Amino acid sequence: MERAVLQITLFGLLLALAATQPNKDNWDIYSFHINSTVTSRYATTVITSRMANRMDESKEIEFHVRIPKNAFISKFRMFIDGQVYDGVVKGKEKARQQYTEAVSRGQSAGLVSSVGRTLEEFKTSVTVAAHKKVTFELTYEELLKRRLGKYELQIHARPMQPVKSFKVDVHIHEKSGINFVEVKGGLALADAINKTHADNEVWVNFYPTEDQQKTCTSCGEQGMNGDLVIVYDVNRDSGLGDIKTSAGYFVHHFAPSSLTPISKNVVFLIDRSGSMHGKKIRQTRLALIHILNDLSEDDHFGLITFDGSISYWKRELVQANQRNLESAKIFSEDIRESGSTNINSAVLEGASMLNAHPREDSASILILLTDGDPTTGVTNLEEIQSNVRVAIADKFPLYCLGFGFDVNFEFLEKMSLQNNGVARRIYEDSDADLQLKGFYEEVATPLLIDVTMSYNGGTNLTQTEFSQYYNGSEIVVAGKITDNDIGTFTPQVIAISSSKKMTFSNPNGTVESTGTESADHIQRVWAYLTVKQLLKKELLLSGAEKENVKREALELSLKYSFVTPLTSMVVTKPEGGETEVLHKPKEGEAPQTGSRHQNIAYSGTVMHTFGARQASPGARQGLPGTPAYGRGLGLGSASGSASDSGSRLTKLNAGRAGRDPTMTQRGHTVPLVGLGLGFHAQVDVAPTQVHATIVPATDNIPVSHRFLLKTENQSIPLCFDVTGDVRLKLLHHPTSELSVHGELDSVTNGGFTRIVIQLNADLYVDVEVNKITVIEGSRMTHHTGQDPITAGSWTIIRRDKDIDVAGGDTHLVILIQGKDAQSFLWPVLRQQSSDSAEGILALNPVYEEVPQTPTTKLRIKDQENDVTRDNAADYSISPPLTLDCWLLSADSALQRRLEAFIV
């Protein structure tokens, strides 16, 4: 009999989640243990969940955890009825055929999705016979990164039920000694935590009783929902640092203390385009004023703001004395948003300012903050990157901060890496100003520049040259020892300090073998670092060089069983099971999903089944998702999926063959949502979790789309359903002739087929996926290329994946989601000139939750509305994310009849 296969592709480490709200007469999570061992900053964590099926029939049980984005899963196994089912890591291309075959049979595609700033979700399931048990075991690995003078090991627990045997065991061993350790977070119950600190080792044991699991800060009657965070640092000196060797490999941790800070030259480039309107520009002003307060008097700084043009506080670097700082604060408080975005000119002007005012014995830094793509000036991304590389010429690092999810983060990341910096996403949330300030603090105090790490007798080294070393950070290098000859291995570090060239070396000339590390521990640290750096390097290359780097990263991933963006994990399940597929998303990418059986039990959440889909909310709740980033709406189609949009329809059409048409009557459809539109999938439903599946289309069920309304006062957006392929009023300015209408498609695409923009009585822009038509009076012109289009006072710029429409103070971006024949349109309002604008894109609802557990009502404009928790893919960003939302009727969400928005 055919053996089904589970294919899993994802990355991440350090946090565990068992999400559930179970019926204990049916099944039980009777044990949930997390064991994390940290040796030389390298953490290996094992999550073990044990469940029992209490029913008299078979039940599908799901293992559901949250893991950090920065880790690699290295092992997954299931124990069922005395049998062990181990995972095997394979190259993604080799696993692709199994994935395609699974989807074509309508079988499950699993789920990995981004759920916040550092986390991803991992799910898999298996059918368990009546009165039998299953054990899931997941292992993942991560090198802890030192930030602001500390390492953090974070464990997120959300069982949502008291578990009889819930244990977290953490053991930290650092050869150089542990300076301090503290335990914090919403789960930090003093009575349930036992901490032991003995010189170079720490043990933390967290064993809450079932009663205690209801009483912590992040606890309730339904159990725990929060973080346990272990924070620590190691003892340091001003010398060469901490070097460990084992089995022919070494790892070197370099973070000298007691160095004199180097004064810095820093230029801040602040985007003040119209899309920064509202909270973003207010938080930016607040953060900038805090940062100015932290500048040292020895520092020199410049401040540039930009939209379509460039504005200077001063045209040269000036000293950070009291007078200049007060002047800069006044300038910062007066930053106002308007216009388009000229990133190219802004970065070149910032680089020119630093190049024009060099100072000896100082460190220069360029920091860019933007929330969108370039829309004026040079808009070709590769041309901008080339211009910036020439301007900076490896003289100083460029740090790019992408505010929210409208930015092309891959563009910012590549530009940062090309210029010895890093990119960081700033999440559009209530603490965005603290995120900005926190990033600055990481680079605020340079201690060394031009750092070169050399290793005589070493080979296969990870990165050895670093432009700057900052206080509170750490440089880590790993490699092989030539011929495993420790006697000839001589490390040395050469760098520039505040006033002189410094050399750090071992006074004895050689390094002794540590002898205490496990045989492969240091080797795995080397492999982890090497793969991470190869994946970044691959972003910067093209052609044969790019393929060679990818091949090297793939070979190492397979050798060390790391699940990376290049690999998949295949697990053979018991006979009669189905094939599941999980693919690790890139930054912000939406999950890939597929179908599952009805009656699923999570590890643990019991999945129930409801009747045919309704437009109004039923008793459904959704996956915990990321907060809603900014304003917008989302839409979904009842036959789509949250899989990557490029192959969405291929999978869907393949899945229709041979399916039972009655399946469409077995469950609700759930959207995978966004700021313009989203895709629905059939689900089996539980009180706190949604399990998404693909459903074949039928002639007697009309297509249903789901819209998402993002709010300013709450992190979870609203969502509602619209049935039929109608034309919707998206935007209208009563004081002008501007109006935007969108035509929803049929079940085939699940998005907008066209968007028509009326600029004035005689001027229209008709946008379709493959062409743009400008109609002016009786004249009609068709455009299919990427040359800028002028229509009256408006400018339309088409790129590969989006279309910019800008005029006056209004800026609309139409994203092109999907690929080739399966593409569809997705409108995003970045900026509007009038608060009196009408239409779905202009809505900005405010709500508050009616206090009750669980939340089932929201108050909007003094009216209480029934809601349920749901989730969807946010297609207002590219690549999409999965968001939670409050599902309610269209009339309730819009606060008027839906018919008012249909034209």
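Conventions and cut-offs
- Residues numbered from 1 in each chain as written.
- Predicted model: local features only at pLDDT ≥ 70, side-chain atom pairs only at ≥ 80, totals over all residues.
- Heavy atoms only, no water.
- Helix = DSSP H or I, 4+ residues; strand = E, 2+ residues; numbered from the N terminus.
- Buried < 20%, exposed > 50% of the residue type's maximum accessible area, 1.4 Å probe, protein only.
- Pairing = 2+ DSSP bridges.
- Axes fitted to C-alpha atoms, helices over the stretch in contact; angles between N-to-C directions.
- Salt bridge = Lys/Arg side-chain N within 4 Å of Asp/Glu carboxyl O.
- Contact = heavy atoms within 4.5 Å.
- Phe/Tyr/Trp six-rings, centres within 6.5 Å; stacked < 30°, edge-to-face > 60°.
- Lys NZ or Arg CZ within 6 Å of the ring centre and 35° of its normal.
- Core = buried A, V, L, I, M, F, W, Y, C linked by side-chain atoms within 4.5 Å.
- Disulfide = S-S within 2.5 Å.
- Expected span 1.5 Å × (residues − 1).
- Arc of directions from axis to C-beta.

Enquirer: Would you mind showing me how to read the overall build of the chain here?
Expert: For the chain, the helix and strand inventory stands at eleven helices and 56 strands. A buried classification covers 59% of the 903 residues belonging to the chain.

Enquirer: Quick question: what am I supposed to make of the sheet that holds strand β55 (residues 868–874) here?
Expert: Strands pair in a sheet through their backbones, by hydrogen bonds, and they do so in one of two ways: parallel or antiparallel. In spatial order, the strands read β39-β40-β56-β55; together these four strands make up an open sheet with mixed pairing. Pairing within the sheet leaves two strands with one partner each, and these edge strands are β39 (704–709) and β55. For this sheet, the mean inter-axis angle between neighbouring strands, taken without regard to orientation, is 45°. Judged from the two bridges that link them, strand β40 (residues 718–723) and strand β56 (residues 881–887) form a sheet pairing that is parallel. Along β56, the bridge assignment pairs C719 with L887.

Enquirer: Got a minute to help me understand the pattern of salt bridges in this structure?
Expert: When their charged atoms lie close together, side chains carrying opposite charge are able to pair. In the structure shown here, the tally under the stated rule is 35 salt bridges. R272 is paired through a salt bridge with D307; the nearest N and O atoms lie 2.8 Å apart. In this pair, R272 is assigned in the loop between β20 (263–271) and α2 (279–294) and D307 in the loop between β21 (300–306) and β22 (310–312), connecting sequence segments 35 residues apart. The salt bridge partner of D884 is R869, with a shortest N-O separation of 2.8 Å. Taken together, the residues D884 in strand β56 and R869 in strand β55 connect sequence positions 15 residues apart. Classification of D884 as buried rests on a relative accessible area of 3%. Assessed through its relative accessible area of 23%, R869 is described here as partly exposed. Connected through shared salt-bridge partners, R41, R146, E174, D233, R236, D242, K244 and E474 make up one network.

Enquirer: I'm lost on the environment of V251 in this one. Help?
Expert: By secondary structure assignment, the location of V251 is in strand β19 (residues 249–254). Judged by its relative accessible area of 1%, V251 falls in the buried class. Sequence-wise, V251 and W526 are 275 residues apart; in three dimensions their C-alpha atoms are separated by 7.1 Å. Ignoring anything within four residues of it in the chain, the contact list for V251 reads D242, I243, K244, V476, V477, A478, I522 and V525.

Enquirer: Would you explain helix α6 (residues 409–418) in this entry?
Expert: Helical geometry: 3.6 residues make up each α-helical turn, so side chains three or four residues apart lie on a common side. Buried within α6 are the following residues: F409, F411, L412, M415, S416 and Q418. Where α6 is buried, its residues meet α4 (343–356), β24 (362–370), α5 (381–392), β25 (398–403), β26 (423–426) and α8 (521–540). Of the residues one or two after α6, N420 is the one with positive phi, at around 60°.

Enquirer: What is the right way to read the packing of aromatic side chains from this model?
Expert: Both the distance between ring centres and the angle between the ring planes are used here to describe each pair of aromatic rings. All chains considered together, the criterion is met by 22 aromatic pairs. Through a chain of ring-to-ring contacts, three or more aromatic side chains come together here, namely Y42, F72, Y249, W526, Y528, Y560 and F562. A cation over a ring is seen here: R869 above W886, with NZ or CZ 5.0 Å from the ring centre.

Enquirer: I would appreciate a short explanation of the nonpolar core in the present structure.
Expert: Considering soluble globular proteins, one finds that nonpolar side chains tend to be buried as a cluster. Residues F76, L138, F206 and Y232 are the most contacted members of the largest nonpolar core, which totals 54 residues. In terms of residues, this core owes the most to one element, strand β2 (residues 27–39), which gives five residues. Counting 49 residues, the second-largest nonpolar core is a separate cluster that includes V722, L728, I814 and L829.

Enquirer: Any chance you could explain the state of the cysteines here in plain terms?
Expert: A covalent bond between the sulfur atoms of two cysteines is what we call a disulfide. Here the structure, examined in full by the defined rule, presents one disulfide. Between C719 and C885 runs a disulfide, and the two sulfur atoms are separated by 2.3 Å. Here C719 and C885 share a disulfide; its torsion about the S-S bond, 70°, makes the bridge right-handed. Taken together, the residues C719 in strand β40 and C885 in strand β56 connect sequence positions 166 residues apart. C885 carries the same exposure label as C719, and that label is buried.

Enquirer: Can you walk me through the sheet that holds strand β18 (residues 242–246) in this structure?
Expert: The four strands are arranged β18-β19-β30-β28 in an open sheet whose pairing can be described as antiparallel. Two strands lie at the open edges of the sheet, namely β18 and β28 (458–459), each paired on one side alone. Here β18 pairs with β19 via five bridges, running antiparallel. Note on β19: the bridge partner recorded for I243 is H252.

Enquirer: Teacher, can you tell me more about α5 here?
Expert: With twelve residues, α5 extends 17 Å between its outermost C-alpha atoms, agreeing within 8% with the 16 Å of an ideal straight helix rising 1.5 Å per residue. Buried residues of α5: I384, Q385, V388 and I392, and no others. All buried residues of α5 lie within an arc of 95° about the axis, which places them on one face of the element. Across α5 from its buried face, at more than 90 degrees, point the exposed residues E382 and V390. In this fold, the buried residues of α5 make contact with α4, β24, β25 and α6. A393 lies just past α5 and shows a positive phi near 55°.

That is the geometry; function is a separate question.
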